[in-house]
Amino acid sequence: MVSGTERASDAPPASRNTSATLDAIQLMLRDLHTRHDEIRHRAAFRGCTKELLAVQQELVEYLLAKKSQLMGHVDPISGGTRNYNSFV
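This structure is a prediction, so every number in the text was calculated from the model and none was measured. (Residues numbered from 1 in each chain as written. Predicted model: local features only at pLDDT ≥ 70, side-chain atom pairs only at ≥ 80, totals over all residues. Heavy atoms only, no water.)

### Here's the deal with the overall build of the chain
Definition in use: In this text, helices come from DSSP runs of H or I with a minimum length of four residues, and strands from runs of E with a minimum of two, each type numbered from the N-terminal end. Categorising residues by exposure relies on relative accessible area from a 1.4 Å probe, with only protein chains included: less than 20% of the type maximum marks a residue as buried, more than 50% marks it as exposed, and the intermediate range marks it as partly exposed. The criterion used for residue contact is that any of the two residues' heavy atoms lie within 4.5 Å. The Shrake-Rupley method, run with a 1.4 Å probe sphere, supplies the accessible areas, and residue values consider only the shown protein chains as cover.
Across its full length, the chain holds four helices and zero strands. Going from N to C terminus, the chain has its helices and strands arranged as α-α-α-α. Taken across its 88 residues, the chain has 16% of its residues classed as buried. When contacts within the chain are restricted to residue pairs at least 6 apart in sequence, those whose partners lie at least 24 apart make up 66%. Taken as a whole, the chain presents about 6,800 Å² of accessible surface, with 59% of it coming from carbon and sulfur.

### Description of the nonpolar core
Spelled out, the test is: As used here, the term nonpolar core means buried Ala, Val, Leu, Ile, Met, Phe, Trp, Tyr and Cys residues forming a set that is joined through side-chain atoms within 4.5 Å.
Core analysis: the largest hydrophobic core is formed by five residues, namely Ile25, Leu29, Leu32, Val60 and Leu63. Contributions of two or more residues to this core are made by α2 (13-32) and α4 (49-71).

### Let's talk about the confidence of the model for the chain
Using the following cut-off: One number per residue, pLDDT, summarises how confident the predictor is, and it ranges from 0 to 100.
Put simply, the chain has an average pLDDT of 80, and 67% of its residues get 70 or more. For residues 5-9, every residue scores under 50 in pLDDT, and the model assigns this stretch four contacts once sequence neighbours within four places are set aside.

### So, the pattern of salt bridges
For clarity, the cut-off: Any carboxyl oxygen of Asp or Glu within 4 Å of a side-chain nitrogen of Lys or Arg constitutes a salt bridge here.
Evaluation of the coordinates by the stated rule reveals two salt bridges. Here arginine 35 and aspartate 37 are joined by a salt bridge, their closest N and O atoms 3.1 Å apart. Of the residues examined, arginine 35 reaches a relative accessible area of 52% and is grouped as exposed. Given the relative accessible area of 39%, aspartate 37 is considered partly exposed. Across the pair glutamate 38 and arginine 42 runs a salt bridge whose closest N-O atoms are separated by 2.8 Å. Of the two residues, glutamate 38 and arginine 42 are both situated in helix α3 (residues 37-46); the distance of four residues between them amounts to about one turn of the helix. With relative accessibility at 54%, the residue glutamate 38 sits in the exposed group.

### Things to note about the packing of α3 against α4
The test is simple: As a rule, the C-alpha atoms of each element are fitted with a line to give its axis, helices using only the stretch in contact, and angles between N-to-C directions run from 0 to 180 degrees. Note that the term roughly parallel is reserved for angles under 35 degrees, roughly antiparallel for angles over 145, roughly perpendicular for angles of 65 to 115, and oblique for everything else. The classification used treats Ala, Val, Leu, Ile, Met, Phe, Trp, Tyr, Cys and Pro as nonpolar, Asp, Glu, Lys and Arg as charged, and all other residues, Gly among them, as polar.
Where α3 meets α4, the axes come as close as 7 Å, and the angle between the chain directions of the two elements is 130°. By the angle between their directions, the pair α3 and α4 is classed as oblique. Touching Ile39, Arg40, Ala43 and Ala44 of α3 are Thr49, Leu52 and Leu53, all from α4. Taken together, the residues that form the contact of α3 with α4 break down as five nonpolar, one polar and one charged.

### Remarks on the environment of valine 60
Inspection of the secondary structure assignment puts valine 60 in helix α4. Taking C-alpha positions, valine 60 is 6.4 Å from leucine 29, a pair spaced 31 residues apart along the chain.

Below, the structure written as structure tokens:
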């Protein structure tokens, strides 16, 4: 029986790098969608909550575009029509 580690080492380097990048993107997207109250409180205190959410949305759009590119998909929906902070 072949372990997951052995299979990963048999994969071509490009696909391993792509897979690792996709995993990292997924983790970062999850983090960006996690509510970080301490950071939100700091942003509110500094008066930059709106800007914080705008930067967060830009990062999510960038990461989704990068993920789509790595997966070979073309996203038919423009990033400008989405609002990833609507859950906030």
